[in-house]
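# Coordinate inspection notes
Each chain, written out:
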Amino acid sequence: MFLGIDIGSGGTKVILLNKEGQLVEASEISYSFDVPKEGWSEHDPNEWWTATLKALTKLFEYNDPAKVEAIGVTGQMHSSVLLDSQGAVIRKAILWNDQRTEVECKEVLNHIGEDKYRTLTMNTLFPGFTLPKIMWLKKNEPEHYERISTVFMPKDFINYKLTGVVATDVTDASGTGIFDVYNREWNSNIIEELELNPEWFPPLYESVEVIGKVKHAVAKAIGLKEGIPVIAGAADNAAAAIGNGVFKEDKGLISIGTSGVVLVPIKNRPDKEFLTKTNSSLHIFCHALPNTWYAMGVTLTAGESLKWFRHAFEIEDDFQSLIMKAKAVGPGSGGLIFTPYLSGERTPHNDSNARGVFYGMNLTHRKGHFIRSVMEGVSYSLKDCHELIKNIATVDSFVITGGAVKSELWSQILADVLGVSLKKSAQFEGPAIGAAILAGIGVDHWKTPDEATEKVMNKDLITPNEEHCDLYEESFTKYQDIYKKLSAK
Ligand SMILES: Nc1ncnc2c1ncn2[C@@H]1O[C@H](COP(=O)(O)OP(=O)(O)O)[C@@H](O)[C@H]1O
Ligand SMILES: O=C(CO)[C@@H](O)[C@H](O)COP(=O)(O)O
């Protein structure tokens with residue numbers, strides 16, 4: 001069996017995949033990230049490790065850990081884990097949806113030159129990326145900056161706890177802002193220009209490469225056999241794509257987890273000419289198989305918008321009961337429109353000051369209208385991403401994954417808003433499954449992801465309802481107008 005571990009933003013998920021690619025068991029330990037200030041988000045990496053151990057204890061309650069043959073870890077992207085020279089965590093990780101570094105992004109882009117920076121990395125610099133966080137620390141927390149010995153991502157930290165090896169992979173390095181996505185290597189130009197220490201950035205691997213073996217003490221504590229290989233693993237969106245068989249340009253992935261993404265593999269290696277056709281709010285990153293790349297639009301607060309709504313209004317109902325209330329309301333939520341910019345937005349606005357709005361409230365609106373409008377608003381934001389992706393890739397079909405896939409209504413709303421058929425993944429633990437598949441490839445059990453996924457990818461097809469599509473098309477225009485009218489940009 002192969003073990004997949006996913007350090008999600010809302011919980012750590014662990015899964016076991018058998019050698020036929022079937023999901024044997026899954027377990028999750030949920031948590032929430034800290035929001036110490038408006039626009040900030042942080043999480044203690046040690047909590048991710050504790051959650052991993054707890055989730056594994058649950059997973060192995062009725063499964064034999066000695067049957068695990070390889071391990072793949074994945075996790076949220078960009079969230080900076082900083083270690084000192086003793087391997088201790090210096091401070092809480094600053095997460096992918098943190099917006100504190102708008103000034104540092106501008107400073108870096110001014111220093112290097114915006115066009116040059118984009119050519120060097122294939123991307124613009126978003127506040128959630130790792131580089132501006134390092135620059136922020138230099139200015140605001142010099143006592144922490146001085147202690148930095150390693151900069152890596154959440155899944156790399158778990159790999160380090162498992163193996164003692166400091167490493168990262170090309171998919172996560174892509175989201176640091178210090179990485180040459182075209183050549184799949186650290187960008188020495190940026191490192192030199194910004195006077196960063198090149199030793200902070202770990203040795204690079206392709207996602208499927210083995211970085212080391214589980215340490216004796218850890219193997220003993222979990223009950224694993226001695227010497228189990230751990231692969232480098234991949235960023236969560238790349239892993240989710242692999243877990244859903246999305247690694248060629250014919251198929252795309254849409255995910256609604258804490259964040260929302262629209263992802264398509266790119267046909268050819270992305271070059272300067274490709275960049276001229278590509279909106280700069282899209283991400284161009286290395287994919288999890290050697291010599292492959294993808295383009296991605298990101299909505300920062302997707303599933304998290306519904307979670308926020310539940311907390312903000314102290315609603316006791318679970319997601320299922322909450323969504324029942326939305327079901328009773330017709331498409332369009334009686335004219336109520338929500339913009340999900342609760343922690344700024346990347347695609348299409350790249351605006352850390354964008355904020356959420358409920359627009360069009362009237363005396364007829366009830367709780368169900370608000371819940372449905374949140375689900376619709378998140379879907380509109382993914383339509384914004386989809387529109388930009390359509391300009392650069394022709395994709396025959398999209399698979400939908402993430403926690404929101406548990407809801408039939410949300411999946412249908414998304415199909416109606418986008419006006420495209422969606423294949424709904426049978427499993428919502430896409431990233432963890434993808435990590436386990438990559439582990440299977442890493443130890444030569446499978447050659448390609450579809451050898452693992454073809455038997456298990458039973459996906460329901462969700463076809464859009466044409467009447468609803470027309471209505472949503474009109475609401476989408478109003479949704480876009482809200483940002484245009486209220487934006488401070
Ligand atoms: N039963 C459900 N119905 C609809 N949405 C759900 C349900 N359970 C969870 N979600 C949504 O899924 C999100 C979490 O998705 P998940 O993929 O687990 O996120 P992450 O990987 O970021 O931790 C929640 O924020 C919530 O909006
Ligand atoms: O920042 C991004 C992608 O660039 C996010 O997609 C994070 O990778 C978090 O993912 P989830 O926890 O929502 O899966």
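Predicted model, so just to flag it, every value in this text is computed and none were measured. (Residues numbered from 1 in each chain as written. Chains lettered and ligands numbered in written order. Predicted model: local features only at pLDDT ≥ 70, side-chain atom pairs only at ≥ 80, totals over all residues. Heavy atoms only, no water.)

Another point: the overall build of the protein. Assigned secondary structure in the protein consists of 18 helices and 24 strands. On the principal axes, the C-alpha backbone points of the protein span a range of 65 × 55 × 45 Å. Restricting the contact set of the protein to residue pairs at least 6 apart, pairs at least 24 apart contribute 74%. In the structure as shown, the protein presents an accessible area of about 18,800 Å², 48% of it carried by carbon and sulfur atoms. Positive and negative charge centroids in the protein, built from 50 and 64 side chains respectively, lie 2 Å apart. (Helix = DSSP H or I, 4+ residues; strand = E, 2+ residues; numbered from the N terminus. Contact = heavy atoms within 4.5 Å. Areas by Shrake-Rupley, 256 points an atom, 1.4 Å probe, with all protein chains shown as cover. Lys, Arg positive; Asp, Glu negative; His and termini not counted. Charge placed at Lys NZ, Arg CZ, Asp CG, Glu CD.)

In this section: the pattern of salt bridges. Tallying each qualifying case throughout the model produces 23 salt bridges. A salt bridge links aspartate 34 to lysine 92, with the shortest nitrogen-to-oxygen separation between them at 2.7 Å. Here lysine 92 lies in the loop between strand 6 (81-83) and strand 7 (93-94) and aspartate 34 lies in the loop between strand 3 (23-30) and strand 4 (42-43), a separation of 58 residues in the sequence. Looking at lysine 92, the relative accessible area reads 34%, which means it is partly exposed. Ionic pairing is found between glutamate 193 and lysine 116, a salt bridge with its closest N-O pair at 3.8 Å. Here the residue glutamate 193 occupies a position in helix 8 (residues 188-193), and lysine 116 occupies one in helix 3 (residues 114-121), the gap between them amounting to 77 residues. Judged by its relative accessible area of 37%, lysine 116 falls in the partly exposed class. Connected via shared salt-bridge partners are Glu42, Arg91, Asp98, Arg100 and Glu141. (Salt bridge = Lys/Arg side-chain N within 4 Å of Asp/Glu carboxyl O. Buried < 20%, exposed > 50% of the residue type's maximum accessible area, 1.4 Å probe, protein only.)

Close to ligand 1 lie 17 residues; Gly10, Lys13, Thr258, Gly303 and Gly403 are nearest. Threonine 258 places a polar side-chain atom, nitrogen or oxygen, 2.5 Å from an oxygen atom of ligand 1. For ligand 1, the protein covers 87% of the area, taking 580 Å² as the surface of the free molecule. Given that more than half its atoms are within 2 Å of the pocket grid, ligand 1 belongs to the largest pocket. Listing elements by their share of the shell around ligand 1, those giving two or more residues are strand 2 (11-17), helix 12 (303-312) and helix 13 (319-327). (Near = heavy atom within 4 Å. Polar contact = N/O pair within 3.5 Å; in protein donor to acceptor, adjacent residues only side chain to side chain. 1 Å grid on protein atoms, 1.4 Å probe; cavity = no way out; pocket = protein on both sides within 12 Å on 5 of 7 lines; lining within 4 Å. Sits in = over half its atoms within 2 Å of the grid points.)

It is worth spelling out the UniProt feature "domain: Carbohydrate kinase FGGY N-terminal" (unreviewed entry) in the protein at this point. As recorded in UniProt, the sites labelled "domain: Carbohydrate kinase FGGY N-terminal" (unreviewed entry) are residues 1-243. Across residues 1-243 one finds 35% helix and 22% strand; the C-alpha atoms that close the span lie 15 Å apart. (UniProt positions renumbered as here; feature names shortened; annotations may be inferred.)

Turning our attention to the site of ligand 2. Lining the immediate surroundings of ligand 2 are 13 residues, of which Ser9, His78, Asp236, Ser259 and Arg346 lie closest. Contact between ligand 2 and serine 9: an oxygen atom at 2.5 Å from a side-chain N or O atom of the residue. Serine 259 is positioned such that a nitrogen or oxygen atom in its backbone is 2.7 Å from an oxygen atom of ligand 2. Against a free-state accessible area of 370 Å², the protein chains account for coverage of 94% of ligand 2. Put simply, ligand 2 lies in the largest pocket. At the level of elements, helix 10 (236-243) and strand 19 (293-299) are the ones that each hand at least two residues to the shell around ligand 2. Residues of the shell around ligand 2, tallied by class, amount to five nonpolar, six polar and two charged. Inspection of the shell around ligand 2 shows a minimum of three residues originating in each of domain 1 (2-237) and domain 2 (247-424 + 459-489). (Nonpolar A, V, L, I, M, F, W, Y, C, P; charged D, E, K, R; others polar. Domains from an automatic or database assignment.)

Right, let's talk about empty space enclosed by the protein for a bit. Applying the stated criterion across every chain, the model contains one cavity of 30 Å³ or more. The computed volume of the largest cavity comes to approximately 40 Å³. Lining the largest cavity are Trp96, Gln99, Phe126, Pro127, Gly128, Leu300, Glu345, Arg346, Asn350, Asp351 and Ser352. Residue composition of the lining of the largest cavity, grouped by class: four nonpolar, four polar and three charged. Both domains that furnish three or more residues to the lining of the largest cavity are identified here as domain 1 (2-237) and domain 2 (247-424 + 459-489). (Points joined across faces, edges and corners; volume = space filled by probe spheres on them.)

Time to look at the domain arrangement of the protein. In terms of domains, the protein is made up of domain 1 (2-237) and domain 2 (247-424 + 459-489). Taken over C-alpha atoms, the centre of domain 1 sits 25 Å from the centre of domain 2. Taken residue by residue, the interface counts 35 residues in domain 1 and 37 residues in domain 2. Summing both partners gives a buried area of about 3,000 Å² for domain 1 against domain 2, and 57% of it is carried by carbon and sulfur. (Buried area = accessible area lost by both parts, 1.4 Å probe.)

With that settled, the discussion passes to the nonpolar core. Counting 163 residues, the largest nonpolar core has Ile71, Leu131, Leu162, Leu196 and Phe201 as its most contacted members. Residues from two domains meet in this core; each of domain 1 (2-237) and domain 2 (247-424 + 459-489) gives at least three. (Core = buried A, V, L, I, M, F, W, Y, C linked by side-chain atoms within 4.5 Å.)

Attention now moves to the packing of aromatic side chains. Scanning all chains against the criterion turns up 23 aromatic pairs. Relative to tyrosine 479, the ring of phenylalanine 476 lies with its centre 6.1 Å away and its plane at 15°, an arrangement referred to as stacked. Remark: tyrosine 479 and phenylalanine 476 occur in helix 18 (residues 466-486); sequence separation between them is three residues, near one turn of the helix. Judged by its relative accessible area of 5%, phenylalanine 476 falls in the buried class. Within the aromatic cluster, the residues linked to one another by ring pairs are Trp308, Phe309, Phe313, Phe338, Phe358 and Phe370. Seen from the ring of tryptophan 40, arginine 100 lies directly overhead, with NZ or CZ sitting 3.6 Å from the centre. For the cation-ring pair, arginine 269 lies above tyrosine 182, with the distance from its terminal atom to the ring centre recorded as 3.8 Å. (Phe/Tyr/Trp six-rings, centres within 6.5 Å; stacked < 30°, edge-to-face > 60°. Lys NZ or Arg CZ within 6 Å of the ring centre and 35° of its normal.)

Moving on, we get to helix 12. Inspection of helix 12 places Gly303, Glu304, Ser305, Leu306, Lys307 and Phe309 among the buried residues, and these make up the whole buried set. Buried residues in helix 12 make contact with strand 16 (251-256), helix 13, strand 20 (337-339), strand 21 (357-359), helix 14 (367-390) and helix 15 (408-418). Positive backbone phi, at 50°, marks glutamate 314, one or two positions downstream of helix 12.

This part covers the UniProt feature "site: Important for activity" (unreviewed entry) in the protein. Here the UniProt-annotated "site: Important for activity" (unreviewed entry) positions come out as Asp6. Position of aspartate 6 relative to the elements: it lies in strand 1 (residues 2-7). With residues near it in sequence (within four places) discarded, aspartate 6 still touches Gly11, Thr12, Lys13, Thr74, Gly75, Asp236, Pro431 and Ala432.

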